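Commentary on secondary and tertiary structure
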Amino acid sequence: MIDFSNTFPLVLLILLSLNVIQSFQIGPSLLTVRNIHQRHSSTRVQLEHMNRPRPNDNRKRSRKRKRNFIRRERTKYSTLSQENAPLLLVETPILTPAQQQMERYRYLHDATLRLLNVQEFPPGSLIKGKWHELHSMLVAWSKWISTDIELLSHDTRRGDHIVSHAHPTDVPLLVESILKRIIDEQAAGNANVKITTHMYNTILDTWLATIHKTSVLKREYGKAESEEKGTMCMIAAERSFEILKKMQSEYELTKDDGIKPNFFSFLTVLKSWLKACSMTCIPSSEKNVSSHLASRKAHQNLQWMEYLARSGRNENAKPNLLAYTMVLDAYAKSVINAYTRQGRRGGAVDNAERILHEVEDIYQQTGNPAMKPDVVTYTSLVTAWANSNRRGYGANRAEEILNRMIMAGCEPNTVTFNAVLKAWCRSAEMDASERALDIFKRMEMEHARGNANVKSDRITFNTLIHTLAKSGKSKHLQRAEELLEIMETSKEEGVSPNSFSYNTIIEGWSKVRDGNGAYKAYCVLQKLLAAEKSGKGIHSDSFSFNNVIFALSRSGLKSSALRAEGLLQFMEKEHKSGNTRIQPDVFGYSATIHAWASSGDKDAGIRADALLELMEQKSLSGEYKLKPNTVTYNSCIDCWAKSGQGIFAARKAEKLLEKMETLYKNGDDSLKPTTRTYNSVLLAWAKSKTKCAHWKSVQLLNHMWEQYQSGDIDLKPDALAYNTVIDAISKSHREDKAQMALRILRTMDKLYRAGQNKDARPSEFTYTSVLNSCAFSGICSLNSRRKALDTAIFTLEELQESPYGRPNHVTYGMFLKACANLIPMDDDRRRVVVEPVFLQCCKDGQVGENVLRQLRLAAPEDLYRKLLSGIRQSGAYVTVEDIPKEWRCNVKDDRNRRRKFRNRNFNDKKQVRP
């Protein structure tokens, strides 16, 4: 008979921790200590009676009677009246679940440490009841950590701290200490102690729960803590594997079936590796192979199980379909690992496919239905290929696995089809949209023929919409909007759109570089705002507005800047009203400033300057997300450069550049000037129409080169910088500006050919700018005109033979303009120079309107009629439509188209303001 005289309070405590007795009171009830002792004797006798050995078929009923008895006893204690309370009354307040869990942890912790105290209970001194208490504590701790995870998953909080009373590894280490104490008792000669497989499995289960708990905690911490939690998952899985190996080695050494690992032992360790694989954090700063290592360890564990079963060392280790599927799923998850993008990703998916082949071979050889690959097995492999980053090959392999499982008689489900859609979404193939639409049609056909497991859900539609939006084609984006309408009108559960559905289409339209894309993005945003007001649980956010503002900034539409600023003001209003999802940031402000830069408005610089000043004020007042950066300043400088305000705009742009350099030197790295910054200032001076513009431009260019030579690679002059300086020189009044522009061209050619600056590669635009300098040499001496003409002839001939490009219609038109301005009308050189150039222009197919117009000015009357003889003109002069098609086949002049496009306005169509 078990002696409960000293252990009854501890038994009650353990029952309390197992939620059998959750509390001695309901509400502010009174618990009398003396009545507990009065009923102690009868309760002890009844518990001893219920704990006596029984046949297996009566154990279930015995446990039920025991639970009913404890429930009755708890009711008796809770209904004690105050007048029957003799001496001591303890009033217990109502505890929350988190507080109850904290109390259980404290009681269990103190009781466990007491039993583990070798001074109070030396090795070999534990009677049967005491070491049974240790075994009960193993189960109690396992129950406690599971309850703790449940509380964490429901995000139960006390104040600002999540309810986690112990470090994730504290409980399993304490449980291991309990088992070690039991082993020490057995080693000390205590014949009552018996170690079982269940004890080891409890420890394995506790380590598995630790990984689960760590994954819950991981979502509550930042990146640094998350990396530490990921390492902890690997430690827990590794420890589980070590315990399993120790169990097997002890069994082989002692041949004790009581500690022989069973299939649950092996399966628990596989689960540990699987969870560690999916929960491992991957730092972006270093190559971390934890996730891939976890999948490899799971595979090694599976191979070890096969070896143990095949060699007869442990028939319980024979893996089943679930074990193979878990390892395959581990490889599928490790494919997502950031490090596997560096080269290990492919190996993971190849290993996953080998495992599926192995399972198929086992099924074909044995004919065991339990080993037939099921939908989970195939879907895990499809997911692995979807995440493999092998682009089109991975997507094709995913679709082949889908066809393979159908051929094998395994019906796919929605998850399988969604994985194939995801593969095509990530493939970046030209026909990805068409292939994804084909998969979607197959899903609809599968559902129509009666497969209830295949049904399009929100993930299906969102993945398909994402694939269509990534293509950047208007027809696919139109199809995406049609799918969005289907989601909006669908009454089926789980199909309604969410914020991702709308934002994906908005992002897709924002990347279409025309006004139609910006208009469509704006319309989808309006639909999102309407859905938000209808109370469907859909919310717009900063991402939605920023993408529309970005689309407007690139559209070039007449009213795009005003529309972008209106959206920005709407965001400010919503944020002030308490909408935390919508908060203006530096991206939205920078895009709005860029929209003003593209608008061509005369007040654009002033509007951009006001936005920049507002950002600086808000950032100084504590809104750090609005702190301007280099992109913001670059957009503002570009705005001034394109505002057409002359010297005022140039001075403003240069002042902003000086401010950036000062702040950067004072330690603000976010405001470091770049090549683009200087290019915008160069453009401002080139458009300033001042006498000193060319001098300021050359000075800035030399400063850029000096800074680059001293080690500042962000100020490396590119071709745009040199071309802008040449443009500034061509607008000056210097007599030698043609030679000065040619020297800049020679510098670019020298630096590029020497490999000192590959970004300074000249182009046909560079040569055309030099010809522009020659054509507009202004009123100068005859000698200066002769030098300018020689420079023009030399520049055109060099371009015709250079590897940097071929003359276009602008180049030929500019050369003819130079001839008209530099050669007197009665000079025969006009015939010698103009005729061969025009014939070459016809041969190159570059005869445009400008070439014909300049030909009338440069060629003598008789030469003009000769060159255009045989052409039937429709008006007073020969036009492009009159000349042969082969003369103009290579002309690309879209200035008129761009001018018509720029005059379009949002107001052309009916709009509803947000």
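For the structure, see preceding data.
Residues numbered from 1 in each chain as written. Predicted model: local features only at pLDDT ≥ 70, side-chain atom pairs only at ≥ 80, totals over all residues. Heavy atoms only, no water.

Thoughts on the overall build of the protein chain
Heads up, the rule is: Secondary structure is summarised from DSSP: a helix means a run of H or I of at least four residues, a strand means a run of E of at least two, and numbering begins at the N terminus for each. The rule is simple: take the accessible area with a 1.4 Å probe, protein chains only, and divide by the maximum for that residue type; under 20% is buried, over 50% is exposed, in between is partly exposed. Contact definition: two residues touch when any of their heavy atoms are within 4.5 Å. For the area figures, the Shrake-Rupley method with a 1.4 Å probe applies, and any residue is considered shielded solely by the protein chains shown.
Looking only at helices and strands, one finds 38 helices and four strands in the protein chain. Counting only residues that meet the buried cut, the protein chain has 50% of its 914 residues in that class. Pairs at least 24 residues apart make up 72% of the contacts formed inside the protein chain by residues separated by at least 6 positions. Counting every atom, the protein chain has about 44,700 Å² of accessible surface; 51% of that belongs to carbon and sulfur.

Here we look at the side chain of Thr768
Rule in force here: Any pair of nitrogen or oxygen atoms within 3.5 Å is treated as a polar contact; in protein, a donor-acceptor pairing is required on top of that, and neighbouring residues in sequence qualify only through side-chain atoms on both sides.
Here Thr768 lies in helix H32 (residues 764-775). Residue classification places Thr768 among the buried residues on the basis of a relative accessible area of 10%. A distance of 2.8 Å separates polar atoms of two side chains, one belonging to Thr768 and the other to Thr811. Those residues within four positions of Thr768 in sequence are excluded, and the remaining contacts are Asn808, Val810, Thr811 and Met814.

Quick notes on the side chain of Thr202
Along the chain, Thr202 falls in helix H8 (residues 197-218). Using a relative accessible area of 8% as the deciding quantity, one classes Thr202 as buried. A distance of 2.7 Å separates a polar atom in the side chain of Thr202 from the backbone oxygen of His198. Beyond its immediate sequence surroundings of up to four residues, Thr202 is in contact with Leu138, Val139 and Ser142.

Things to note about a positive patch on the surface
Filter applied, for reference: Like-charged residues within 9 Å of one another, or nonpolar side chains (Val, Leu, Ile, Met, Phe, Trp, Tyr) within 5 Å, are grouped into patches, provided each residue has over 30% relative accessible area and no salt bridge. By salt bridge we mean one thing: a side-chain nitrogen of Lys or Arg within 4 Å of a carboxyl oxygen of Asp or Glu. Charge assignment in this entry is limited to Lys and Arg as positive and Asp and Glu as negative, and neither His nor the chain termini are counted. To locate a charge, the coordinates of NZ of Lys, CZ of Arg, CG of Asp or CD of Glu are taken.
On the surface, a cluster of positive charge is contributed by Arg391, Lys422, Arg426 and Lys470. With respect to the helices and strands, Arg391 occurs in helix H15 (residues 391-407). For Arg391, a relative accessible area of 48% gives the class partly exposed.

Digging into the pattern of salt bridges
A complete count under the given rule lists 38 salt bridges for this structure. In this structure, the salt-bridge partner of Arg479 is Glu482, at a minimum N-O distance of 3.3 Å. Linking Arg479 with Glu482, this pair stays in helix H19 (residues 474-489), spanning three residues, or about one helical turn. Residue Arg479 is classed as partly exposed on the basis of its relative accessible area of 27%. Glu482 sits in the partly exposed class, given a relative accessible area of 40%. Across the salt bridge formed by Lys659 and Glu616, the nearest N and O atoms sit 2.8 Å from each other. Taken as a pair, Lys659 in helix H27 (residues 647-665) and Glu616 in helix H25 (residues 604-620) lie far apart in primary sequence, 43 residues in all. Connected through salt bridges with shared partners, the residues Glu353, Glu360, Arg397, Glu400 and Arg404 form a single ionic network.

Examining H15
For clarity, the threshold we go by: One less than the residue count of a helix, multiplied by 1.5 Å, gives the span that helix is expected to have.
Along its 17 residues, H15 runs 25 Å from first to last C-alpha, staying within 8% of the 24 Å computed at 1.5 Å per residue. Three or more residues of H15 are buried, namely Gly392, Gly394, Ala395, Arg397, Ala398, Glu399, Ile401, Leu402 and Met405. At the C-terminal side of H15, Gly409 shows a positive phi close to 85°.

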